[in-house]
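# Chains, contacts and geometry: an overview
Each chain, written out:
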Amino acid sequence: MSLGQQLAPHLPLLRRYARALTGNQAEGDRYVRAALEAIVEAPDQFPRDVDARLGLYRTFQVIWQSSQWDDSIDAVEQGNDAEAIARKRLARLTPLSRQALLLTTVEGFPPEDAAYLIGEQPARVTELVAEAVAEIERQTRTRVMIIEDEPLIAMDLEQIVRDLGHDVTGVAVTRDEAVALAMEDRPGLVLADIQLADDSSGIDAVKDILAEFAVPVIFITAFPERLLTGERPEPTFLITKPFQRETVKATISQALFFDEATVPA
């Protein structure tokens, strides 16, 4: 199997990570392309002592870290809104902490692999994750609407949201119910399943809501590859079913990380 064939299955997940890391789909894809170009130009330098996914993420990490450390504040502030928001957050949260958080709780790497990716010791990765979670929780407080037709999953999501210190505006089980709830009590974050009780679509519900006002959205699906196709627009934040509670917590924190309504003064 060629190196390209080995890497192909991991690209959608790398793109998810890149978008979550940068807060912007186009910017995230730019770094992914740069990583792929580096691999094509120097395939002999691709890490061969680790599995393909780890080597791919390592190549991405090297490019992203070198670029981020060199970026000036003015250059980022002049970018899009998400980049400006991220810069304000980064004044209070180190890039290493965010990388450790995403790599372990969202991408599912064990601390040992995350340590390899960011050039730290496993124990330090654990510390960085704890620091990131604590800082983001301090910065972000909001009200969350849940679109989910499975009662047990909805209850679990409600508990996770409340454990993070947020309020829940309500739970909707259909597209129409979701839109009505959002219009009645505007949330600061939406958690949306895709397939709803009456065979309506959570995607359509979100589109209807976003047509009225801007709000960060996290989609929940058992088939993330169906949304990570490379076509635009794509959701920035995805949770794969069945999900881990820590993954939900980390994704909520990352979604709010780029929400202007919770930017520190």
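The present account deals with the structure reproduced in this document.

Cut-offs used in this document
Residues numbered from 1 in each chain as written. Predicted model: local features only at pLDDT ≥ 70, side-chain atom pairs only at ≥ 80, totals over all residues. Heavy atoms only, no water. Helix = DSSP H or I, 4+ residues; strand = E, 2+ residues; numbered from the N terminus. Expected span 1.5 Å × (residues − 1). Buried < 20%, exposed > 50% of the residue type's maximum accessible area, 1.4 Å probe, protein only. Polar contact = N/O pair within 3.5 Å; in protein donor to acceptor, adjacent residues only side chain to side chain. Contact = heavy atoms within 4.5 Å. Pairing = 2+ DSSP bridges. Right-handed = clockwise from strand over helix to strand, strands pointing away.

### Some details on helix H7 (residues 95-106)
Taking 1.5 Å of rise per residue, the twelve residues of H7 would be expected to cover 16 Å, and the 16 Å separating its terminal C-alpha atoms lies within 8% of that figure. Burial analysis of H7 places twelve of its twelve residues in the buried class, which makes it a mostly covered element. Along H7, the positions that sit buried rather than exposed are Pro95, Leu96, Ser97, Arg98, Gln99, Ala100, Leu101, Leu102, Leu103, Thr104, Thr105 and Val106. Looking at the residues trailing H7, positive phi occurs at Gly108, about 80°.

### Structural notes on the environment of Ala132
Take Ala132: it is sitting in helix H9 (residues 122-139). For the pair formed by Ala132 and Ala100, sequence separation is 32 residues and the distance between their alpha carbons is 8.3 Å.

### Describing the side chain of Thr105
Counting through the fold element by element, Thr105 comes out in helix H7. A polar side-chain atom of Thr105 sits 2.5 Å from the main-chain carbonyl oxygen of Leu101. Apart from the residues lying within four places of it in its own chain, the contact partners of Thr105 are Glu246, Thr247 and Ala250.

### Details of the pairing of strand S1 (residues 143-147)
In terms of burial, S1 is largely enclosed, as four of its five residues are buried. Relative to strand S2 (residues 167-172), S1 runs parallel, the two being bridged by five bridges. Across the sheet, residue Ile147 finds its bridge partner in S2, namely Ala172. Between S1 and its parallel partner S2, the chain crosses via helix H10 (residues 151-163), and the hand of that crossover is right-handed. Judged from the four bridges that link them, S1 and strand S3 (residues 189-193) form a sheet pairing that is parallel. Bridging across to S3, Ile146 finds its partner in Leu191.

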